[in-house]
Amino acid sequence: AGEAMEQGLRDCCRSIRIGKILIQSDEETQRAKVYYAKFPPDIYRRKVLLMYPILSTGNTVIEAVKVLVEHGVQPSVIILLSLFSTPHGAKSIIQEFPEITILTTEVHPVAPTHFGQKYFGTD
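Residues numbered from 1 in each chain as written. Predicted model: local features only at pLDDT ≥ 70, side-chain atom pairs only at ≥ 80, totals over all residues. Heavy atoms only, no water.

An unreviewed UniProt entry lists the protein chain under the name UPP phosphoribosyltransferase, from Quiscalus mexicanus.

Structural data, given as structure tokens:
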């Protein structure tokens, strides 16, 4: 989902190094599973912008942070960029990783679940 934010990042930071994490959540259980992860080799020495547009439960982001930690990244250097967040999602992440920084444009009890359909034209 972070790819929806990638072009804007590239437009303002042309030489930025970008890694990828593919995580999918089971629709019934909401459990997140990592399918793919590829990062710059020196990611453990960098500040990391973790982009995730709609933060609902926090499960997917928690799994992404776990993968980053496995690659040597300290949670204190991770900045989560989100367009919309629920209080529950933000609280879940902070409980698991209190050192992480979360930047979002809005915190609301209901996440706009139609964002992906609108952005990718799949409605």
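Description of the nonpolar core
By size, the foremost hydrophobic cluster in this structure holds 19 residues, and its most contacted members are Leu50, Val61, Val65, Leu68, Ile78 and Ile93. Broken down by element, this core gets its largest block of residues, six residues, from helix 2 (residues 59-70). Apart from residues no more than four positions distant in its own chain, Ile93 is found in contact with Leu55, Gly58, Val61, Ile62, Leu80, Ile100 and Ile102. (Core = buried A, V, L, I, M, F, W, Y, C linked by side-chain atoms within 4.5 Å. Buried < 20%, exposed > 50% of the residue type's maximum accessible area, 1.4 Å probe, protein only. Helix = DSSP H or I, 4+ residues; strand = E, 2+ residues; numbered from the N terminus. Contact = heavy atoms within 4.5 Å.)

Some points on a nonpolar patch on the surface
Together, Leu22, Tyr35 and Tyr36 make up an exposed nonpolar region whose accessible area comes to about 330 Å². Here Tyr35 is to be found in strand 2 (residues 32-38). (Patch = residues over 30% accessible without salt bridge, like charges linked within 9 Å, V, L, I, M, F, W, Y side chains within 5 Å. Areas by Shrake-Rupley, 256 points an atom, 1.4 Å probe, with all protein chains shown as cover. Salt bridge = Lys/Arg side-chain N within 4 Å of Asp/Glu carboxyl O.)

Quick look at the pattern of salt bridges
One pass over the structure, following the stated rule, counts three salt bridges. Salt-bridge contacts for Asp42 lead to Arg46; the nearest nitrogen and oxygen are separated by 2.9 Å.

Examining the environment of Pro109
Note on placement: Pro109 falls in the loop between strand 6 (101-107) and helix 4 (115-120). According to the relative accessible area criterion, Pro109 is exposed, its value standing at 65%. C-alpha separation for the pair Pro109 and Ser85, spaced 24 residues apart in sequence, amounts to 8.0 Å. Non-local contacts of Pro109, meaning those with residues more than four positions away in its chain, are made with Thr86 and Pro87.

Re the packing of helix 2 against helix 3 (residues 87-96)
At a closest axis distance of 9 Å, the pairing of helix 2 and helix 3 adopts a crossing angle of 30 degrees. It follows that helix 2 is roughly parallel to helix 3 by the angle criterion. Where helix 2 crosses over helix 3, the handedness of that crossing is right-handed. Here Val61, Ile62 and Lys66 of helix 2 come into contact with helix 3, specifically with Ser92, Ile93 and Glu96. Its residues assigned to classes, the contact of helix 2 with helix 3 comprises three nonpolar, one polar and two charged. (Axes fitted to C-alpha atoms, helices over the stretch in contact; angles between N-to-C directions. Parallel < 35°, antiparallel > 145°, perpendicular 65-115°, else oblique. Left-handed = near helix turned anticlockwise from the far one by under 90°. Nonpolar A, V, L, I, M, F, W, Y, C, P; charged D, E, K, R; others polar.)

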